[in-house]
Structure formats: C-alpha cells, structure tokens
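Chain and residue survey
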Amino acid sequence: MSKIATVYGGSGFVGRYIVRRLANLGWRVRVAVRRPNEAMHVTPYGVVGQIAPVLCNIRNDDSVRAALHGVDVVINCVGTFDAGGKNNFEAVQDKGAERVARLAAEEGVANMVQISAIGADKESDSIYAQTKAQGEEAVLEHFPNAVILRPSVIFGPEDEFFNRFAGMARMSPILPLVGADTKFQPVYVDDVAAAAVAGATGNAAPGIYELGGPDVNTFRDLMKYMLEVIRRRRMLVNMPFFVARPMATLIWLGNFLTLGLAPMPITRDQVASLQYDNVVSEGARGFDDLGIEPKSMKAILPDYLWRFRSSGQYAAIKESARNLRA
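Overview of the structure. On a predicted model such as this, the values are computed, not experimentally measured, just so you know. (Residues numbered from 1 in each chain as written. Predicted model: local features only at pLDDT ≥ 70, side-chain atom pairs only at ≥ 80, totals over all residues. Heavy atoms only, no water.)

Remarks on a positive patch on the surface
On the surface, a cluster of positive charge is contributed by Arg34, Arg35, Arg59 and Lys86. By the element assignment, Arg35 lies in the loop between strand 2 (28-33) and strand 3 (51-55). We classify Arg35 as partly exposed; its relative accessible area is 43%. (Patch = residues over 30% accessible without salt bridge, like charges linked within 9 Å, V, L, I, M, F, W, Y side chains within 5 Å. Areas by Shrake-Rupley, 256 points an atom, 1.4 Å probe, with all protein chains shown as cover. Salt bridge = Lys/Arg side-chain N within 4 Å of Asp/Glu carboxyl O. Lys, Arg positive; Asp, Glu negative; His and termini not counted. Charge placed at Lys NZ, Arg CZ, Asp CG, Glu CD. Helix = DSSP H or I, 4+ residues; strand = E, 2+ residues; numbered from the N terminus. Buried < 20%, exposed > 50% of the residue type's maximum accessible area, 1.4 Å probe, protein only.)

Next comes the structure, spelled out in structure tokens:
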C-alpha cells in the first residue's frame, strides 16, 4: 500500500517541488493549505487522486491534526515574510512549527522535515530569523528525530529573488541594493526538495542541514550575473544601512497609514537580515552528507530569466543573426 505524506504549504514555491518528487516515488500526498481551490495546480504532478489539496489553518490544532491523521511523514514548508497580521512571523514560523511537530508526535508520525533558513538565530536582530530559530527549537523538543533544512536564498522559475530584480531591471535604469556586499549561497529549489524527500524517506540522519549551492557571491555580484543573463545594462547602487533603516521605517509608516495600500518594496526586518552573510557555516552538515550534488545558477537561471530580455526567447537568435551579418 502506498505511503502517505502531508506537506504543509505544499502548493508554495518549495512545497510544489517536494510534492512532485514524492508523487514520482509513488507516495500519496496531502497538500495542506489555507485555500485548497488555489492549490489545484499541484494535482497533475501525480495520477488521478494521488495528490489531494486539503484545507488547513496552521494556527489551529484541530485543522493541523486533521491534515496529518494517519500519515507516515510530515513536511512543513510554511513560512512568511509578513511581520504583521494573523499569519505573522511568530504565528507561522514559531507557534505553527511547534503545532505541527507536537501533533505529529502525538499521532505517531514516523518522520518529520522542517524547512527553516540559514541565519536562524534567537539572538538575531531580525524577527524572521528569531522565529525560524524558535520554530526549530520547538520542533526538536516535540520531535527529536526531525530533519531540519536551512537553505540559503532559493532560486528557481517561481522565485521571488531573481525574478523580482529582473522585473525591476526591465523598468528602471537603476537597481538600488541594500547590503550589496552581503554574501549569499543561492540554492536551486529542486535540490532543496531532494533534501526534504531524503529526510522524509529516512535517507537522512536526524538533525540540522545547511543548504547552499556551489557558488558564493555578494549581492552585487548576483545582480551583475542576473543582468548578464537578461542582456541588460543597469546601474547598481549600494544603499548604506544607515540610509536603508530610516527609509524602511518611512515605507512601513506609509503602508500603515494607507491601511496596507502603499507597497513595501523592503521592510525593516529585511534590512536587519541583510546585515549578515547568508552562507553555509563552516563544519555544518549539508548536501554532501545527503549525497546530493547541488546545481549552479549558471545551469538554471537562463532557462527562466530569458523572459526579461528585450527580445525574450528570441535574443539568442538575434545575436546569432548579428554575428552572421558581421
């Protein structure tokens, strides 16, 4: 009989790749989300009936328990960048993670995987990083044999990192960067999914794994490479933290006064996070310990950022034609 997994947040960026991998292994998958009707895009990843979106509010015990009752494995992908509202950092990343782990342990679930983030630290200036660390602690308290994954910034076709800045580059001659010298170790979303499935299937020892790709670059260098991929020239302007902090406060105030109508391109918490490098710690367990060889940005980014080129998918053809005329 097929094993069953519940993936909390399984319709999101990382979750959908985990669901696809589990389905390919023959697992039945419950995709626990707040709006199941908006998660139907994951159902074609398996055969009819193999993948089922189910209603779940991670802030409610009964809802979380119903989604995991009778399953073999639980994977929690739920996270947020929203510091306010009901689904804020504490509610989702701390108390939500605790709730999933506690109820999974009570229900006798065999394995649990928690998606966290590099930089998770209770002493951090960032509330995002604090609540990620608090969530990890709560998970291990209730589910000591859990696998916790800490990825660096994640890239892939649906990412909100390279896609966001490539979209800005299409409209603006200047790209302002907060923390231009901060280092990142971008990791491909499907490699993170492979690590999660390794933990779910018992092929990873319990504990914490930090996941980073083969390349370590500054924020500035990442943007330079992104611009190279999309064939655009833009001015990269470093915004010092002493400027970014009050600016983020003014942006927050504008958003507050307009009842959320004014956009928030950067938050105070993101400014706090950008002060620290986002790379794998020395001596940390990672992809090598999982038997996974992570893919580089150069192997993936051109496959989805081409849409931000002035000629889209025809850019390479036009460049070849110019070479022929020359």
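Digging into helix 3 (residues 89-106)
Here helix 3 spans 25 Å end to end across 18 residues, near enough to the 26 Å set by a 1.5 Å rise per residue. Of all the bends in helix 3, the largest measures some 35 degrees and sits at Gly96. Along helix 3, 14 of the 18 residues are buried, which leaves the element largely enclosed by surrounding structure. The N-terminus of helix 3 is capped by Asn88, whose side-chain oxygen sits 3.2 Å from the backbone nitrogen of Glu90. In the stretch just after helix 3, Gly108 is the one whose phi turns positive, near 75 degrees. (Expected span 1.5 Å × (residues − 1). Bend = angle between axes of the 7 residues up to and from the residue. Polar contact = N/O pair within 3.5 Å; in protein donor to acceptor, adjacent residues only side chain to side chain.)

Some remarks on the pattern of salt bridges
Following the criterion strictly, the structure yields 13 salt bridges and no others. The salt bridge partner of Asp61 is Arg99, with a shortest N-O separation of 2.6 Å. In this pair, Asp61 is assigned in helix 2 (residues 61-68) and Arg99 in helix 3, connecting sequence segments 38 residues apart. A salt bridge links Arg102 to Glu98; its shortest N-O distance comes to 2.9 Å. On the criterion of helical spacing, the pair formed by Arg102 and Glu98 is a turn pair, its members being four residues apart in helix 3. In this pair, the class of Arg102 matches that of Glu98, namely buried. When salt bridges that share partners are traced, they join Asp61, Glu98, Arg99 and Arg102 into one network.

Section: the nonpolar core
With 75 residues, the main nonpolar core has Ile18, Phe162, Met226 and Leu305 as its most contacted residues. Tallying contributions element by element places helix 6 (residues 189-200) first for this core, with nine residues. Those residues in contact with Ile18, other than ones at most four positions away along the chain, are Val7, Ile75, Cys77, Ala193, Ala196 and Val197. Counting residues in each nonpolar core, the second largest holds 22 residues, with Leu68, Val78, Val92 and Phe143 among its members. (Core = buried A, V, L, I, M, F, W, Y, C linked by side-chain atoms within 4.5 Å. Contact = heavy atoms within 4.5 Å.)

Overview of the environment of Thr249
Mapped onto the elements, Thr249 comes out in helix 8 (residues 241-257). A relative accessible area of 33% places Thr249 in the partly exposed class. The sequence separation of Thr249 and Thr267 amounts to 18 residues, and the corresponding C-alpha distance is 7.6 Å.

Considerations on the packing of aromatic side chains
By the definition in use, this model includes 12 aromatic pairs. Judged by centre distance (5.8 Å) and plane angle (75 degrees), the rings of Phe89 and Tyr128 are edge-to-face. With Phe89 in helix 3 and Tyr128 in helix 4 (residues 127-142), the pair connects residues that are 39 residues apart, well separated along the chain. Relative to Phe256, the ring of Trp252 has its centre 5.5 Å away and its plane inclined at 15 degrees; by these criteria the two rings are stacked. Remark: Phe256 and Trp252 occur in helix 8; sequence separation between them is four residues, near one turn of the helix. Each residue in the set Phe155, Phe161, Phe162, Phe165, Phe184, Tyr188 and Phe219 is aromatic and connected to the rest through ring pairs, giving one cluster. (Phe/Tyr/Trp six-rings, centres within 6.5 Å; stacked < 30°, edge-to-face > 60°.)

Considering the side chain of Asp159
Checked against the element boundaries, Asp159 lands in the loop between strand 7 (154-155) and helix 5 (162-171). The buried charged residue Asp159 lacks any salt bridge partner; its closest oppositely charged side chain belongs to Arg307, at an N-O distance of 7.6 Å. Among all residues touching Asp159, those that are not within four sequence positions of it are Phe13, Ile154 and Tyr304.

Concerning the packing of helix 1 (residues 13-24) against helix 6
Two quantities define a packed helix pair, namely the angle between the helix axes and the distance between the axes. Taken N-terminus to C-terminus, the directions of helix 1 and helix 6 make an angle of 55 degrees; their axes are 8 Å apart at the nearest point. Our classification of the angle between helix 1 and helix 6 gives oblique. Taken as a pair, helix 1 and helix 6 cross one another with a handedness that is right-handed. Between helix 1, through Phe13, Val14, Tyr17, Ile18, Arg21 and Leu22, and helix 6, the contact on the second element is made entirely by Val189, Asp190, Val192, Ala193, Ala194, Ala196 and Val197. (Axes fitted to C-alpha atoms, helices over the stretch in contact; angles between N-to-C directions. Parallel < 35°, antiparallel > 145°, perpendicular 65-115°, else oblique. Left-handed = near helix turned anticlockwise from the far one by under 90°.)

Examining the packing of helix 5 against helix 7 (residues 219-229)
Where helix 5 contacts helix 7, the two axes come as close as 10 Å, and the packing angle between them is 65 degrees. Like other packed secondary-structure pairs, helix 5 and helix 7 cross with a definite hand, here right-handed. Side by side, helix 5 and helix 7 meet where Phe162, Phe165, Ala166 and Ala169 of the first sit next to Phe219, Leu222, Met223, Met226 and Leu227 of the second. The residue makeup of the contact of helix 5 with helix 7, split by class, is nine nonpolar, no polar and no charged. (Nonpolar A, V, L, I, M, F, W, Y, C, P; charged D, E, K, R; others polar.)

A word on the sheet that holds strand 6 (residues 147-151)
Taken in spatial order, the seven strands make up an open sheet running 3-2-1-4-5-6-11, and their pairing is parallel. A strand with exactly one partner marks an edge of an open sheet, and here the two such strands are strand 3 and strand 11 (207-211). Here the strands of the sheet are splayed against their neighbours by 20 degrees on average, with no regard to which way each runs. On top of the sheet, helix 6 reaches strand 4 (73-76), strand 5 (111-115), strand 6 and strand 11; it is set at about 155 degrees to strand 5, its chief contact. (Pairing = 2+ DSSP bridges.)

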